[in-house]
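Here is how the chains run, residue by residue.
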Amino acid sequence: MRLKQVSLTAAISVVAGLTTATVGLTGTAAWADSTAALPLSHYAHLLVDNAHQHLFFSQGAGSTDIVVTDLAGNPVTTITGEQGATGLALSPDGGTLYAALADGDAVAAIDTATLTESARYATGTGSGPVSVAVAGGKVWYGAMVDGRGAVGSVDPAAAEPVATPQAVLSNWFFAPQIATGGGVLAAEETSPGNTDVATFDVSSGTATAMTHLGVSGGPTPGFQVSGDGKKVLLATSSDIVLRAYRTADMAIANPDVYWVGGNPSAPNSLSLDTDGTIAVGSTQGSAPGVYLYTGTRDIENYVKLPAGTLAPDGLKWGGDDVTLYGVTQDSSGAYTLNVLSGLKLTDTQLVLRLTGWESGRTFAVPTRPFTLEGSLTTKGFVPVGAKLQVTRDGTELPDATVGADGTFSITDTRPDEGDYTYQVSYAGDATHRPVTLSQTVGVARLSTSLSYPEPSSANPRSVVFTGTLSSADLRTFPQGTTLQVSRTDMDTQETVQLPSVTVDPTFSQYTVTDAPGTTGRFTYDVSFAGDAMHQPSTVERSLIVSPYTPTLTLKAPTTATRGAALTFGGTLGDAPYPAGETATVSRTDLAHTSTPVAWTVPVGTDGKITVKDTPSIGGANTYQVDYPGDATHQAATASSTVQVSRAASAVSVTSNESTYTYGATATVTAHLGTTYNSRTVSIWATPAGGTKTLVKTAAVDSKGNLKATYKLTHNTTFTASFAGDYRYAPATATRAVHDQVGIAEKLGGYYTSTKYGTVTYRVYHHTVKPQVTSTVTPDKSGQCLRFQAQEYYNKAWHTLTTSSCFTLAKGSIAATGLSLTNAVNQKFRVRSEYVAGAKDGSNVSTWGGWLYLTVRK
């Protein structure tokens, strides 16, 4: 087979990460392995008998012969007396050729060994069978029955075989073409503008209808059922694609169409090989020729036949999984056999990618295994199990094996850095072209980095810092990896090599510990020398070693006795300390608030301090210890407060009343007993619900008293307080007093006033109900107020009634009316009482004054 092909062998740097090599067809060359002129006056059908190395050519209605050639197209013989031989089919054992005799109203059986007719089965006068197929142990044919298209069958194994119609399609006007596969028989009838397809299950030898549907219009010279019986393929010469349908319901299959060239392409030939390869021919459009498909709708291959036009139904696979036969006709009408034995050779493509332990890595690492993962792809069937030859810089490596999904892998290890070229070759096979791919893999040590360390301490006796050593693959380093450390004094430029440190393999951490013995500016250099897999790296850390910042703790008691010796200790951290150092102790008390008493105490080499004192001032004595620092220690300060005992003080407070009218002024007297150096007392007032307010602060008189006045509007607690002095402790005393509310009362509805003695009476007409209104101050809205009425008789006042509670309304007001009987010329009086509820702690219950009234006609 002569092909125009391109072979790509690419050597691409692994930095790109992916290398491909492919071989492909241009699809423009005209070729055939061989051609042979055929002695045909007409052409109807081609059948290949690969077992006997014969080709059979039928010539259709009007002919009488079946032409037999060898597989190269050389004439062998002519089988005569086969009137109108059209459709051809081969028995499963290859021993019998069946021919539909359109002009003989019969199906002929021809012995393929002797090439002579061995039997003939009449299909009925006028039946004109045009197609024949074998399935389910029977020979099926498409013919006419009573002027309608029908499908019939013959059982050649019967004692007396008889052709019998099994399905008559009443709306078909032409004898159908038939095809079988997988126990399914499909029948196709084409009338002007319409194509009908009916499918039958014939696996049992009886035609059981599956579906019947009109699918397209126009002549259908290519008609076949897939080997599994699930699809019907139609090549209609008026269409632009090969179409596929499901045999079960004639719905579109997947894939549904196969494109075969330009528009219109007029597909007119179809052959389906046993491996599923589809060959379909087209006669028109921009690219007439033969197209190959291998299961998807993508074109696997395309060839243009050398001369002439492909005859309708002119393609047939040879049964050897390789050869395709095609019949063409030139402009003079002469027929030619085209033998295509390399059509299934498909493109192959190799892809190779470096993969491994780090996503996105573009190089391999010395001494560490790495993998080149690849894939071999083709438009045809993947050559599962094929061996790929692998070399590295010309040295043979173990073959790689192609997996079921076309993938393969190559694993290798290189001890040294450098570039290594790997070549993968596929030798090809009967259906795949060879291909070679080269790829260069860079082997390099991994970059490393030392993190900038942060110190956890930096003083003359302890410099400690921690960092991490990391690499590009993020893996930990092997056990025993060490780092070199040096320290440079930036003032003297003296460098000291420190002991190496070990990297913790769990977290890739390291810790440097040093004791420079002095303060100053230092630079620490940490370096990794590298190993077989890792590049070296270094990091520099500059820091200032400062004096210690010692902690100073005091253990003073919380209380002490005035005038008694007091001793307590303290401790400075970060010992030792030079001998002879001192700390300053200062004491602040009530007598020394602005100028504390101060003295020095020694500091032991272990940092111990002892404070001794005899406090003479009672109250809070605060001791502060100040250490001034030295060459290696910073200053430190600590303080502690001791409460020094004082004698008890006597304080009392009285008031001139226990209960006051609203707005009255209370006189409060505070009394102070014996003290030492302070005679000042403060008087405070805390009204119910209010804040504590200072009323007066002053020294008591010679009798120890301090008086103050305070205007009351609420219940109030008075407090007398003494702040204490050098020898007497603070003291307080309280006095709680009550305060009434203010009640304003008035009468309404009277018409005049009169006096009895010195008392004024309001005068009411006997038809008028007197009105009483009371207003309470402060505002007691929502609280209780009640009214009381009395009558004067028998020279005395007698209570007539006391009301239940009236709720004070907004504005703290309540009102009521008096209902009086037998009241004319009688004397009455009325008053109101505020009743303090449980929720009112600010004032006490209070009676208002009497209002007087009389009634006249």
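Described in the following lines is the structure provided in the data block. (Residues numbered from 1 in each chain as written. Predicted model: local features only at pLDDT ≥ 70, side-chain atom pairs only at ≥ 80, totals over all residues. Heavy atoms only, no water.)

**Brief notes about the pairing of strand β34 (residues 387–392)**
Then, in step 1: Note that β34 and strand β35 (residues 395–401) share five bridges and pair antiparallel. The residue bridging Lys 387 from the neighbouring strand is Thr 401, located in β35.
Then, in step 2: Here β34 hands over to β35 after two residues, with Asp 393 in that stretch at a positive phi of 50°.
Then, in step 3: In terms of strand pairing, β34 meets strand β37 (residues 418–426) through four bridges, oriented antiparallel. Across the sheet, residue Val 390 finds its bridge partner in β37, namely Val 424. (Pairing = 2+ DSSP bridges. Helix = DSSP H or I, 4+ residues; strand = E, 2+ residues; numbered from the N terminus.)

**Describing the sheet that holds strand β51 (residues 592–602)**
Then, in step 1: Taking strand neighbours across the sheet as the criterion, the five strands line up as β48-β54-β53-β50-β51 in an open arrangement whose pairing is mixed. Both edges of this open sheet fall to β48 (559–560) and β51, since each of them pairs with a single strand only.
Then, in step 2: Bridge analysis of strand β50 (residues 582–589) against strand β53 (residues 619–627) gives five bridges, and the strand direction is antiparallel. Its bridge partner being in β53, Thr 584 is matched across the sheet by Asp 626.

**Section: the sheet that holds strand β66 (residues 771–777)**
Then, in step 1: The antiparallel open sheet is built from three strands, whose spatial order is β63-β66-β70. A single partner strand is all that each edge strand has here, and the edge strands are β63 (742–748) and β70 (813–817). Each neighbouring strand pair of the sheet contributes to a mean axis angle of 15°, computed without reference to strand direction.
Then, in step 2: In this sheet, β66 lies alongside β63 in antiparallel orientation, the contact comprising seven bridges. Bridge assignment links Lys 746 to a residue of β66, and that residue is Thr 773. (Axes fitted to C-alpha atoms, helices over the stretch in contact; angles between N-to-C directions.)

**Some points on the nonpolar core**
Then, in step 1: With 23 residues, the main nonpolar core has Leu 350, Leu 388, Phe 408, Val 424 and Val 441 as its most contacted residues.
Then, in step 2: If you look at the next biggest cluster of nonpolar residues, it comprises 22 residues, including Tyr 660, Val 681, Leu 706 and Ala 720. (Core = buried A, V, L, I, M, F, W, Y, C linked by side-chain atoms within 4.5 Å. Buried < 20%, exposed > 50% of the residue type's maximum accessible area, 1.4 Å probe, protein only.)

**Examining the packing of aromatic side chains**
The description of two aromatic rings rests on the distance between their centres and on the angle between their planes.
Then, in step 1: Going through the model one piece at a time under the given rule, you end up with 16 aromatic pairs.
Then, in step 2: Judged by centre distance (4.9 Å) and plane angle (65°), the rings of Tyr 258 and Tyr 293 are edge-to-face. Of this pair, Tyr 258 sits in strand β24 (residues 252–259) while Tyr 293 is found in strand β27 (residues 289–293), placing the two residues 35 residues apart along the sequence.
Then, in step 3: Aromatic pair Tyr 676 and Tyr 726: ring centres 6.4 Å apart, planes at 40°, arrangement tilted. Note that Tyr 676 is positioned in the loop between β57 (665–672) and β58 (680–687) and Tyr 726 in the loop between β61 (716–722) and β62 (731–739), a separation of 50 residues in sequence.
Then, in step 4: Tyr 676 gets classed as partly exposed once you look at its relative accessible area, which sits at 44%.
Then, in step 5: On the basis of relative accessibility, which here comes to 25%, the residue Tyr 726 falls in the partly exposed class.
Then, in step 6: Linked through ring pairs, Tyr 756, Tyr 761, Tyr 792, Trp 797 and Tyr 852 together constitute an aromatic cluster.
Then, in step 7: Positioned above the aromatic ring of Tyr 676 is the side chain of Arg 727, whose terminal nitrogen or guanidinium carbon lies 4.1 Å from the ring centre. (Phe/Tyr/Trp six-rings, centres within 6.5 Å; stacked < 30°, edge-to-face > 60°. Lys NZ or Arg CZ within 6 Å of the ring centre and 35° of its normal.)

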